[in-house]
Amino acid sequence: MINKIKTLISLYMNSDIDLSSWRTVRERYFWASYYIFYSLANTLLTNENCISLISDEVKEKFSEITIDTKNIQVQNSDELVALYQTYLSEDYCINNNEFIFIKTKDVRDNLGSYYTPCELADVIIQEVFNKLKLNESAHHQIIEKKIVDLSCGAGDFIITFLDICKSKFNKSVFEAICKNIYCYDIDPIALLILKTRLIEKYKNIKLIKNIYLCNSITKTVPSLHEVATGRLYAKGKALDVPKFDIIIGNPPWEKIRFEEKKFLNHYCSNCISKSDVLNILSKQNTDNYKYFLSIKNDIELLKKQIKTERKYVYTAVGELNTYALFAELSINSLNKNGIVCLILKSSLFKTPTYKSFFHFLMKSKYIDTIYLFKNTKKIFNIDSREEFCVSFFKENKEEEFYLGTGLTSPEDIKTVEVVKLNKTFLKKCNPLTEMIPNIESKKDISFLEKIYFLKTFDEYYPDCNYGRLVHLTNHSQYIQKEKTNKNIPIYEGKFIELYTGNYATFNGLSTELKYKNKASALPILDPYGSVLPEERYFINIDFWKKLSTRYSEDYFICWRSLTSATNRRTMLATLLPFMPTCQSIQFLQTKSKKDLIIILALFNSVVFDYIVRLKMAGLDLTQTIVRQIPIPSPDCFLKEIIFKGIKASYYVHILSRIKFIYKNEMRLTSFFSNLSSYNIENLDIKTAISEIDMLIAKLYEIDKNIFFGIIETFSDFYSDNEKKYIYNNMP
């Protein structure tokens, strides 16, 4: 069926249209899509009911469309929803003066349309009923409640809510509930499908009276013409939105920003760089350029409006994320004794950006329960590493809430063992943010409680000088692709692994592969050998001197900033001479060489890495995370221990192995030259790393069983033989 739809639309788009006009293409594509799905809805409803789904403006537009839809039909509205979801997974582009469909997620990104699986919606709505104690005898309570989905899409949550109501209450109560159902969305086709579902399923035309085309974030109604031309964020007429008693939904998880390359790729293929954007725009006629600016300006004005009007006091921070804005909007739209249940990104409760919002929720006693999910079983058709949460907000008596962790399927909500967290625990775990750590089980909580008698990295090393300096885009005017006597190389995160800055290189790659978007470097055969990476970018020396004036030490510890808690290892750090590094690397400097050795050993240890994973909310390992990690006192490193038959301080044992690991790194010869240690012989690099891990675990005062539990979480790092060696040699 989806292929038939694409064929019909392609034939229509490629007939009697100026494909060089961007606005015309976008508008015609919208109306063709709208007409197709209206025609499919018409196969399910009576003609009278179907006509009631659309306005006179839409009827007039449809009268101009010449698409023969008599050979397409659906059996029911569920099939209609599935078709639209599939349709959203593809987008259009103009290629060789022809309209074609391409596989992409960009149209979903624009609308935020990743619809909720019915199994998840069902479990969530059942939980809403449980929390509000809305059983069969509660009909007097529920008929007074206003229910809303502020980003309803095709209505999965609302349909589920109504199904449960129909099963619990009699006909008159159900009809009373229907009068208080509200739905808002920015996508007219999704709303058309929702109306179709409601009429087909419940045979009640009155159900569609409170369904609105609306930008919920601004509470405005855009004109249909603007939506048709892709101006989803154009300023519209104000809409009076009441407060509600039950707010449910899965708001979009997108950033509010204009992505020029994505926009232009609809009309000009292979737009991959900033220079391509400028080149394409320079060749356009006035109408296309004005259209480009109109969409860009809509988004910029919306961002400015959101930040200046202060309707979003806590979530209008940094790059604006729709899921965060919808969370604050929902809290502000709630009546007393009401409940909010939303599917959100877990980062809302973990990342420092939203610290103020989380603190507001805690202080207001609004958080009831949060269920943390990992998308490993692909509940949503997005990256399996993505994390999200099902969050319930309602007024409570205490500054505490229930947390369920490690969920992977909808049914887990019914069986997961929740734990109660309070402000005291959060302050211990994350003293700088007081937000939720990245815990997956009660075992993680027990571990955090055990180690938090230790002070944090920031408390022991308050004078570290942190940095992330060169930005390849923001500083592009000072960056070149060819080496000259006026520039120096820029190091990238791809070059870094545990105890080495020689992990990968751009040597041997063609210019196209070297500079393509998300380019991959080639692995160096021996990352602990003497071969150095070949860089691809170089920064002007004079500009680098200005940029780095705050950093006076000759050496620094670098770590990959772009990483993940699901990677083979999360913290990957190395020691290097001070040099330009791009935004994919974070670094720190300290005056003492001894401190650098201790910090490097800590950073690369599995224990430190495990704690980092418990704090990683996204893909950016920032200094804020590092500074909150509990560590043993630096004084402990001076204690003596007999290890592998040699009596020495922990520091000397560790230093000796780090010197061994870096024995081929000529750039660090001077650094190690005056540091006293003992010789290491007949050892391979991985064994040396494992022995440092053992010593760090001992300093953390972690027993063997807990240490091995930690090692097992890094299943791809140590082999069975390496684990056996650690077990037999643990001091």
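Scroll up to find the structure.
The following refers to the structure shown. (Residues numbered from 1 in each chain as written. Predicted model: local features only at pLDDT ≥ 70, side-chain atom pairs only at ≥ 80, totals over all residues. Heavy atoms only, no water.)

## A look at the overall build of the protein
Working step 1: Scanning the protein from terminus to terminus reveals 31 helices and 24 strands.
Working step 2: Its C-alpha atoms give the protein a radius of gyration of 29 Å, within 12% of the compact-globule value 27 Å for 731 residues.
Working step 3: Projected onto the principal axes, the alpha-carbon positions of the protein cover approximately 90 × 65 × 45 Å.
Working step 4: When each of the 731 residues of the protein is scored for burial, the buried share is 58%.
Working step 5: The long-range share in the protein, meaning contacts at least 24 apart out of those at least 6 apart in sequence, stands at 73%.
Working step 6: Both charge centroids of the protein, one from 97 positive and one from 85 negative side chains, sit 3 Å from each other. (Helix = DSSP H or I, 4+ residues; strand = E, 2+ residues; numbered from the N terminus. Rg over C-alpha atoms; globule rule 2.2 N^0.38 Å. Buried < 20%, exposed > 50% of the residue type's maximum accessible area, 1.4 Å probe, protein only. Contact = heavy atoms within 4.5 Å. Lys, Arg positive; Asp, Glu negative; His and termini not counted. Charge placed at Lys NZ, Arg CZ, Asp CG, Glu CD.)

## Examining the sheet that holds strand β5 (residues 211-213)
Strand-to-strand pairing in sheets goes through backbone hydrogen bonds, with the strands running parallel or antiparallel.
Working step 1: Overall, mixed pairing links the nine strands, which are arranged β5-β4-β3-β8-β9-β11-β10-β12-β13 in an open sheet. The two strands at the open ends of the sheet, each matched to only one other strand, are β5 and β13 (419-422). Along the sheet, successive strands turn relative to each other by an average axial angle of 20 degrees, direction set aside.
Working step 2: Looking at chain direction, strand β3 (residues 147-149) and strand β4 (residues 181-185) are connected through three bridges and run parallel. Residue pairing for β4: V148 is matched across the bridge by Y182. (Pairing = 2+ DSSP bridges. Axes fitted to C-alpha atoms, helices over the stretch in contact; angles between N-to-C directions.)

## A look at the environment of L426
Working step 1: In this fold, L426 is placed in helix α19 (residues 423-429).
Working step 2: With a relative accessible area of 1%, L426 lands in the buried category.

## Quick word on the sheet that holds strand β21 (residues 573-577)
Working step 1: The strand order across the open sheet built from four strands is β14-β22-β20-β21, with neighbouring strands paired in antiparallel fashion. Edge strands, defined here as strands with exactly one partner in the open sheet, are β14 (465-467) and β21. The mean inter-strand angle of the sheet, taken between neighbouring strand axes irrespective of direction, is 25 degrees.
Working step 2: With five bridges joining them, strand β20 (residues 555-560) and β21 adopt antiparallel strand pairing. Counted as the bridge partner of C558 is T574 from β21.
Working step 3: Sitting on the sheet, helix α24 (residues 593-603) touches β20, β21 and β22 (585-589), and the angle it makes with β20 is about 10 degrees.

## What to know about the pairing of β4
Working step 1: Summarising burial for β4: five of the five residues are buried, a large majority.
Working step 2: On β4, burial covers both faces: I181, C183 and D185 on one face and Y182 and Y184 on the other are all buried.
Working step 3: The pairing of β4 with β5 spans three bridges and is classified as parallel. Residue pairing in the sheet places Y184 in a bridge with Y212 of β5.
Working step 4: As for the winding sense of the linkage, the β-α-β connection from β4 through helix α11 (residues 188-202) to β5 is right-handed. (Right-handed = clockwise from strand over helix to strand, strands pointing away.)

## Quick word on the packing of helix α29 (residues 685-699) against helix α31 (residues 720-729)
Working step 1: Two numbers describe how α29 lies on α31: the axes approach to 10 Å, and their chain directions differ by 40 degrees. Relative to α31, the element α29 is oriented oblique. Relative to α31, α29 is oriented so that their crossing is right-handed. Contacts between α29 and α31 involve K686, T687, S690, E691 and M694 on the former and, on the latter, E722, Y725, I726 and N729. (Parallel < 35°, antiparallel > 145°, perpendicular 65-115°, else oblique. Left-handed = near helix turned anticlockwise from the far one by under 90°.)

## Concerning the state of the cysteines
Working step 1: For the coordinates displayed, the defined rule picks out zero disulfides.
Working step 2: The cysteine C152 is free of any disulfide, with C183 supplying the nearest cysteine sulfur at 4.7 Å.
Working step 3: No disulfide involves C636; its sulfur sits 17 Å from that of C464, the nearest cysteine.
Working step 4: For C636, a relative accessible area of 17% corresponds to the buried category. (Disulfide = S-S within 2.5 Å.)

## Considering the pairing of β22
Working step 1: Most of β22 is tucked away, with five of its five residues classed as buried.
Working step 2: Of the two faces of β22, the one lined by I585, F587 and Q589 and the one lined by Q586 and L588 are each fully buried.
Working step 3: As defined by bridge partners, β14 adjoins β22 across three bridges and the pair is classed as antiparallel. What sits directly across from N465, in β22, is Q589.
Working step 4: The sheet contact formed by β20 and β22 spans four bridges and is antiparallel. Bridged to R560 within β22 is I585.

## Structural notes on the packing of aromatic side chains
Working step 1: Under the counting rule described, the total for this entry stands at 64 aromatic pairs.
Working step 2: Note on Y555 and F671: the rings are 5.0 Å apart at their centroids and 70 degrees apart in plane angle, and the pair reads as edge-to-face. With Y555 in strand β20 and F671 in helix α28 (residues 669-672), the pair connects residues that are 116 residues apart, well separated along the chain.
Working step 3: The exposure class assigned to Y555 is buried, which follows from its relative accessible area of 13%.
Working step 4: Among the residues examined, F671 registers a relative accessible area of 0% and is labelled buried.
Working step 5: The ring of F671 carries the charged tip of K593 above its face, separated from the ring centre by 5.0 Å. (Phe/Tyr/Trp six-rings, centres within 6.5 Å; stacked < 30°, edge-to-face > 60°. Lys NZ or Arg CZ within 6 Å of the ring centre and 35° of its normal.)

## Notes on the nonpolar core
If you look at soluble globular proteins, the nonpolar side chains tend to sit buried side by side.
Working step 1: Core analysis: the largest hydrophobic core is formed by 273 residues, its most contacted members being F37, F161, Y499, F603 and Y700.
Working step 2: The element best represented in this core is helix α2 (residues 22-42), accounting for 13 residues.
Working step 3: When sequence neighbours within four positions are dropped, the list of residues in contact with F161 reads I125, F129, I142, I147, I177, I181, I246 and I248. (Core = buried A, V, L, I, M, F, W, Y, C linked by side-chain atoms within 4.5 Å.)

## Considerations on the side chain of T322
Working step 1: Following the sequence through the fold, T322 ends up in helix α16 (residues 322-332).
Working step 2: Apart from residues lying up to four places away in sequence, T322 is in contact with I217, P252, W253, E254 and I256.

## Let's talk about unusual backbone geometry
Working step 1: Although it is not a glycine, N97 sits at a positive phi angle of roughly 60 degrees.
Working step 2: With respect to the element layout, N97 can be found in the loop between β1 (90-95) and β2 (98-103).
Working step 3: Classification of N97 as exposed rests on a relative accessible area of 60%.
Working step 4: A positive phi is found at N682, a non-glycine position, where the angle reads about 55 degrees.
Working step 5: Here N682 shows up in the loop between α28 and α29.

## Some thoughts on the pattern of salt bridges
Working step 1: Counted according to the given criterion, the structure contains 35 salt bridges.
Working step 2: Linking D156 and R197 is a salt bridge whose minimum nitrogen-to-oxygen distance equals 3.3 Å. Of the two residues, D156 is situated in helix α9 (residues 156-168) and R197 in helix α11; the sequence distance between them amounts to 41 residues.
Working step 3: A relative accessible area of 12% means that D156 is categorised as buried.
Working step 4: Shared partners join several salt bridges into a network, and the residues in it are E127, K131, D368 and K394. (Salt bridge = Lys/Arg side-chain N within 4 Å of Asp/Glu carboxyl O.)

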